[in-house]
Amino acid sequence: MELRTRIAHHSARIAVIGQGYVGLPLAVAFAQVGFPVTGVEVDLDRVETLNRGVSHIRDVESDTLKELVTAGRYRATSAMEDLAESEAIIICVPTPLRKSKEPDISFVLAAAAGVKKYLRPGQLVILESTTYPGTTEELLLQMFTEGGLRVGKDFFLAFSPERIDPGNPHFRVRDIPKIVGGVTPACSELATLLYGQIVNKAMPVSSPTVAELAKLYENTFRSVNIALANEFALMCAHLGVSVWEVIDAAATKPFGFMPFSPGPGIGGHCIPIDPLYLAWKLRMNGYEARFIALADEVNRSMPGHVVNLVVDGLNRRGKCLKGAQILVLGVAYKRGVADLRESPALDVIALLRHKGAQVRYADPFVPVLAHEGLAAERVELEAEVVRQSDAVLILTDHQEFDYQLVVQEADLVVDTRNALRHFTVPQERLIRL
Ligand SMILES: NC(=O)c1ccc[n+]([C@@H]2O[C@H](COP(=O)([O-])OP(=O)(O)OC[C@H]3O[C@@H](n4cnc5c(N)ncnc54)[C@H](O)[C@@H]3O)[C@@H](O)[C@H]2O)c1
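Residues numbered from 1 in each chain as written. Predicted model: local features only at pLDDT ≥ 70, side-chain atom pairs only at ≥ 80, totals over all residues. Heavy atoms only, no water.

A.B. asks: Hey, could you run me through the site of the ligand in this one?
C.D. replies: Near the ligand there are 27 residues, and of these Val22, Glu41, Arg46, Thr95 and His269 occur at the shortest range. Between an oxygen atom of the ligand and a side-chain N or O atom of Glu41, the distance comes to 2.5 Å. His269 is positioned such that a nitrogen or oxygen atom in its side chain is 2.9 Å from an oxygen atom of the ligand. In isolation the ligand offers 830 Å² of accessible surface; the protein chains occlude 92% of this area. Per-element tally for the shell around the ligand: the top contributor is helix H5 (residues 106-118), with three residues. Residues belonging to the shell around the ligand are distributed by class as follows: 15 nonpolar, seven polar and five charged. (Near = heavy atom within 4 Å. Polar contact = N/O pair within 3.5 Å; in protein donor to acceptor, adjacent residues only side chain to side chain. Areas by Shrake-Rupley, 256 points an atom, 1.4 Å probe, with all protein chains shown as cover. Helix = DSSP H or I, 4+ residues; strand = E, 2+ residues; numbered from the N terminus. Nonpolar A, V, L, I, M, F, W, Y, C, P; charged D, E, K, R; others polar.)

Pasting the structure below:
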């Protein structure tokens, strides 16, 4: 039976390489509609827990995973040779930045090398990792055709960007349209058919590069607009006006405006990183991406601004930062997740420490803070802890925090997320971004 029919019958064997925030929900989505799915993962501990039906991703319930493992529709493995049996292979490995802010596509290359080794006629390969435009055709296509296999005839290759928003209960895998850019029309057709089994809408575009660029445009759009909101916060501070009130007022316009929120900086695996992939590629082509550079500069200046706000607040209370006890609320990069990657809280804590402050943190999702050389003591958000603190600094507005308690007990609150918008707090005890 040919691949098209096996996809339509949900009997095609699917391998998803990388079982992280992107790969695991995707693998589960395919397994839930009946496909036999293998999660290929280099982290042996992760393989072991996944095979016991224990999920490390909040958006995937362990009960769901357990059912799929028991039913034989999902299993994890570290064995690349299992790719030989797969008919569709989807690559979801990390694409971080090097310290030099250049793309680190070593994970993609390692995964692609594994695919190449077991590539055989009839297979469909899809890259989902966010990457610079050209990766699919300049690197993967090049590698896969070296042995003489012909794309669009012997095997099929496409790029389809992942657009999930971890922790967002309103938009799950099925609700987010998939963009699909195949190297040939046959590649697009097969990849679109495959995704059409698990999402409400799968939309082909004319090439992998268009699909790669669409993802980068989305994330550059967010980075630039968050930077604009952040700079607006700085401008409003100079004028003594609440940026939050200004944004709320502007957002009443029913067309032509979309509200973005300022904050302590940007974090996560995507927004601080992906636009720099694009800027790097453009630089290789003799073009400086100015919006991207400026947005990056403004967003990365926010942790320093937050520390200045803490200094100002302590001054108001007749205290200095050196030796002050600061309680940070929320260290994950955004509300409702445990992800510390690129979290601006890490920079804020490092800067506070550098200036002599003592820092503890509370975060219901992050039991231990030990990340890239930075560690901090975790405490529960309790009245006594708040009373012991010279300032409470809200960096991530998790819904689980008891803000009433903070308002009642804190001597000073610095709120970078407008988490206290519904509370009345005396002016001398509250600093808002
Ligand atoms: N997290 C998000 O919200 C999000 C959203 C959209 C797109 N993306 C993109 O998706 C890609 C994956 O991101 P993520 O958040 O899932 O990363 P992640 O770190 O959560 O997961 C990646 C997984 O891949 C594994 N891995 C690394 N190299 C491997 C290899 N050679 N073979 C098998 N497994 C390997 C890692 O051990 C890890 O478990 C990135 O390009 C990212 O930019 C992420």
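The structure having been displayed, the exposition proceeds.
A.B. asks: Explain the sheet that holds strand E14 (residues 413-415) to me, please; I cannot follow it from the model alone.
C.D. replies: Backbone hydrogen bonds hold the strands of a sheet together, and the pairing may be parallel or antiparallel. Sheet architecture is open: seven strands sit in the order E11-E12-E10-E9-E13-E14-E15, paired in mixed fashion. For this open sheet the edge positions go to strand E11 (369-371) and strand E15 (430-432), each flanked by a neighbour on one side alone. In this sheet, neighbouring strand axes are inclined to one another by 25 degrees on average, regardless of whether the strands run parallel or antiparallel. In terms of strand pairing, strand E9 (residues 325-329) meets strand E13 (residues 391-394) through four bridges, oriented parallel. Within E13, the residue paired with Leu329 across the bridge is Ile394. Relative to strand E12 (residues 374-378), helix H12 (residues 344-354) is tilted by about 90 degrees, and along the sheet it contacts E9, strand E10 (358-362), E11, E12 and E13. (Pairing = 2+ DSSP bridges. Axes fitted to C-alpha atoms, helices over the stretch in contact; angles between N-to-C directions. Contact = heavy atoms within 4.5 Å.)

A.B. asks: How should the nonpolar core be read in this particular structure?
C.D. replies: Within soluble globular proteins, side chains that are nonpolar tend to cluster in buried spots. Ranked by internal contacts, the top residues of the largest apolar core, which has 68 residues, are Phe30, Tyr74, Phe144 and Leu194. In terms of residue count, the dominant contributor to this core is helix H2 (residues 23-32) (seven residues). For Leu194, the contacting residues outside a window of four places in its chain are Ile7, Ile14, Phe30, Phe35, Ala88, Ile90, Leu124 and Ile126. Formed by 40 residues, the second largest nonpolar core is a distinct cluster that contains Leu309, Ala324, Leu340 and Leu395. (Core = buried A, V, L, I, M, F, W, Y, C linked by side-chain atoms within 4.5 Å. Buried < 20%, exposed > 50% of the residue type's maximum accessible area, 1.4 Å probe, protein only.)

A.B. asks: Looking at this structure, how should I read the side chain of Lys178?
C.D. replies: Topologically, Lys178 is positioned in strand E7 (residues 178-182). Reaching out from Lys178, the side chain makes a polar contact with the side chain of Glu128 at a distance of 3.0 Å. Sequence-distant contacts of Lys178, that is, excluding residues within four places in its chain, are made with Glu128, Ser160, Pro161, Glu162, Arg163, Tyr195, Val199, Lys201, Ala202 and Met203.

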